[in-house]
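Residues per chain, in single letters:
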Amino acid sequence: MMVAHCISDLGHDAVEAGSGEAALDLLDTGGIDLLITDIRMGGISGWEVAEQARIDRPNLPVIYISGYPSEGNAVPGSRYLAKPFRPHELESAVRDCLG
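The rules behind the values
- Residues numbered from 1 in each chain as written.
- Predicted model: local features only at pLDDT ≥ 70, side-chain atom pairs only at ≥ 80, totals over all residues.
- Heavy atoms only, no water.
- Pairing = 2+ DSSP bridges.
- Helix = DSSP H or I, 4+ residues; strand = E, 2+ residues; numbered from the N terminus.
- Axes fitted to C-alpha atoms, helices over the stretch in contact; angles between N-to-C directions.
- Core = buried A, V, L, I, M, F, W, Y, C linked by side-chain atoms within 4.5 Å.
- Buried < 20%, exposed > 50% of the residue type's maximum accessible area, 1.4 Å probe, protein only.
- Right-handed = clockwise from strand over helix to strand, strands pointing away.
- Salt bridge = Lys/Arg side-chain N within 4 Å of Asp/Glu carboxyl O.

Enquirer: Hey, could you run me through the sheet that holds strand β1 (residues 35-38) in this one?
Expert: Reading across from one edge, β1-β2-β3 is the order of the three strands in this open sheet, with parallel pairing throughout. The outermost strands of the open sheet, each flanked by one partner alone, are β1 and β3 (79-82). Across the sheet, the mean angle from the axis of one strand to that of its neighbour is 20°, orientation sign disregarded. Pairing geometry for β1 and strand β2 (residues 62-66), over four bridges, is parallel.

Next up, the structure:
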């Protein structure tokens, strides 16, 4: 919820998904300009969400967040934020990704 609130404060609409599978369904509807995903989730991981999302949208910006070291491969050009992070760190990452 903190991430969605920060995104809204930046003037963007935030759409939340309860799982990786739900995130992929939302991405299929279009209109998503940035994927921010936790790496560890129930079901498929954030790594897998980003990989699947990039199949159809190879230029989709991705920000990974995690409070745990996690093995996986980040998609090219992505950003990583370690929890806990400060709102200005998220803001900076979002601005970098969206230009």
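Having put the structure on the table, let's press on.
Enquirer: Where do I start with unusual backbone geometry in this structure?
Expert: Trans is the prevailing form of peptide bonds, just as negative phi is the prevailing case for residues other than glycine. For the peptide bond that leads from Lys83 to Pro84, omega is -5°, which places it in the cis range. Take Pro84: it is sitting in the loop between β3 and α4 (87-98).

Enquirer: What is the right way to look at the nonpolar core in this model?
Expert: Generally speaking, nonpolar side chains in soluble globular proteins are found buried as a group. Of all hydrophobic cores here, the largest spans 14 residues; its most connected members are Leu27, Leu35, Ala50, Ala53, Val62 and Tyr64. It is helix α3 (residues 46-56) that contributes the most residues to this core, four residues altogether. One finds Leu34, Leu90, Val94 and Cys97 within the second-largest nonpolar core, a separate group that totals 11 residues.

Enquirer: Would you explain the pairing of β2 in this entry?
Expert: It is a general feature of regular strands that their side chains alternate between the two faces of the sheet. Among the five residues of β2, five are classified as buried, and the element is accordingly described as predominantly covered. Alternating residues of β2 divide into Val62, Tyr64 and Ser66 and Ile63 and Ile65, and every residue in both groups is buried. You can see the chain leave β1, run along α3 and come back into β2, and the turn it takes is right-handed. In this structure, β2 lies alongside β3, joined through four bridges in parallel fashion. Paired with Ile63 across the bridge in β3 is Arg79.

Enquirer: Honestly, the pattern of salt bridges in this entry has me stumped. Any pointers?
Expert: When their charged atoms lie close together, side chains carrying opposite charge are able to pair. Under the defined criterion, the tally for this structure stands at three salt bridges. A salt bridge links Asp38 to Lys83, with the shortest nitrogen-to-oxygen separation between them at 2.5 Å. Of this pair, Asp38 sits in strand β1 while Lys83 is found in the loop between β3 and α4, placing the two residues 45 residues apart along the sequence. Judged by its relative accessible area of 17%, Asp38 falls in the buried class. Asp96 is paired through a salt bridge with Arg79; the nearest N and O atoms lie 2.5 Å apart. Highlighted residues: Asp96 in helix α4 and Arg79 in strand β3, separated in sequence by 17 residues.

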